[in-house]
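Understanding the architecture of this molecule
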Amino acid sequence: CNATSETARATAPFPFPAPRCVVFAEPERGTGTLRAMTDTPFDRDELRRAAGEIITNVRELAAAGWTPATSSNFSRRLDDRHAAITVSGRDKGKLVPEDIMVVDFEGHAVGSNKRPSAETVLHTQLYARMPEVGCVLHTHSLAQTLASKLYAGAGHIRFEEYELIKAFRGQDTHEAVMDVPVLANNQHIPTLAAQVDVLLDKKEFWGYLIEGHGLYAWGRDMKEARRHLEAFEFLINCELEMRKLHR
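My aim in this report is to walk through the structure given alongside it, one point at a time. (Residues numbered from 1 in each chain as written. Predicted model: local features only at pLDDT ≥ 70, side-chain atom pairs only at ≥ 80, totals over all residues. Heavy atoms only, no water.)

1. A look at the sheet that holds strand S3 (residues 73-77)
- Read from one edge of the open sheet, 8 strands run S5-S4-S3-S6-S10-S9-S8-S7, paired in mixed fashion. Whereas interior strands pair on both sides, the edge strands pair on one side only; in this sheet they are strand S5 (100-104) and strand S7 (156-160). Between one strand axis and the next, the sheet turns by 20° as a mean value, whatever way the strands run.
- Where S3 and strand S4 (residues 82-86) come together, 3 bridges link them in antiparallel fashion. Following the sheet pairing, Ser75 is matched in S4 by Ile85.
- The sheet strands contacting helix H2 (residues 44-63) are S3, S4, S5 and strand S6 (135-139), and the helix crosses S3 at an angle near 145°. (Pairing = 2+ DSSP bridges. Helix = DSSP H or I, 4+ residues; strand = E, 2+ residues; numbered from the N terminus. Axes fitted to C-alpha atoms, helices over the stretch in contact; angles between N-to-C directions. Contact = heavy atoms within 4.5 Å.)

Here's what the structure looks like:
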């Protein structure tokens, strides 16, 4: 790889310098053979665009108080095998391009030795399962966390006949009932991922809560995922306020 490393480094778009050498598999060929490449197996321009989109939107979510104490993680699809995702442990209100890395759909870092979130598979399972999903957002607002505790016993939080139900893709009337799953936080990500798969086998939905933790929401792109996230937040707050009134 040394023969081409200087050229690759000189032409790489800032701030994602080309690595000296990347080895990756071609799983679609079914051979299991690895081949060496002198460039990354993803589009660097697309990574730069995704990083900018994540940074801009996540700073706004952090300013709203939805990502306290370096919590939360955010991702955007790059192609049919890779996603851009926030690096673990970063202050989400102060993200810079170096805080965005690439993972494959098994959750492994690609072209970097940075560490993604331990929950990365909860993002990548959605990309691998649903080609239409282009963005996944995970936040920890106060309302989301409280609701995840209050409704853990029921296993879901129900939204019924709210106008904002129409904010979700596929919903064209407020005369609907939406049950958002609340999963037990067992700290074992493969188990959580398997539970999400079982639920998705039964019906389409656009987000779920993890007990004492926060909310996952997704959509076809950043705009739709954020619309879903904001609708969940509003409706969760409505239900929390209704509980107070009905005491």
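2. Points about the side chain of Ser72
- Tracing the sequence through the fold places Ser72 in the loop between H2 and S3.
- Judged by relative accessible area, Ser72 falls into the buried class, the value being 7%. (Buried < 20%, exposed > 50% of the residue type's maximum accessible area, 1.4 Å probe, protein only.)

3. Some points on a nonpolar patch on the surface
- On the surface, Leu142, Leu146 and Leu150 cluster together to form a nonpolar patch covering roughly 310 Å² of accessible area.
- Assignment of secondary structure puts Leu150 in helix H4 (residues 142-150).
- Classification of Leu150 by relative accessible area gives partly exposed; the value is 44%. (Patch = residues over 30% accessible without salt bridge, like charges linked within 9 Å, V, L, I, M, F, W, Y side chains within 5 Å. Areas by Shrake-Rupley, 256 points an atom, 1.4 Å probe, with all protein chains shown as cover. Salt bridge = Lys/Arg side-chain N within 4 Å of Asp/Glu carboxyl O.)

4. With respect to the pattern of salt bridges
- All chains considered together, the criterion is met by 14 salt bridges.
- Arg76 serves as the salt-bridge partner of Glu53, at 2.8 Å between the closest nitrogen and oxygen. Here the residue Glu53 occupies a position in helix H2, and Arg76 occupies one in strand S3, the gap between them amounting to 23 residues.
- If you follow the salt bridges from partner to partner, you end up with Glu46, Arg49, Glu53 and Arg76 in one network.

5. Notes on the packing of aromatic side chains
- By the definition in use, this model includes 5 aromatic pairs.
- Both rings, one in Phe168 and one in Phe232, keep their centres 4.6 Å apart while their planes meet at 55°; by these two values the pair is tilted. Here the residue Phe168 occupies a position in the loop between S7 and strand S8 (177-183), and Phe232 occupies one in helix H6 (residues 222-245), the gap between them amounting to 64 residues. Comparing Phe168 with Phe232, the two get one shared label, buried.
- Through pairs of rings, three or more aromatic residues link up here, namely Phe205, Tyr208, Tyr216 and Trp218.
- A cation over a ring is seen here: Arg243 above Tyr151, with NZ or CZ 5.2 Å from the ring centre. (Phe/Tyr/Trp six-rings, centres within 6.5 Å; stacked < 30°, edge-to-face > 60°. Lys NZ or Arg CZ within 6 Å of the ring centre and 35° of its normal.)

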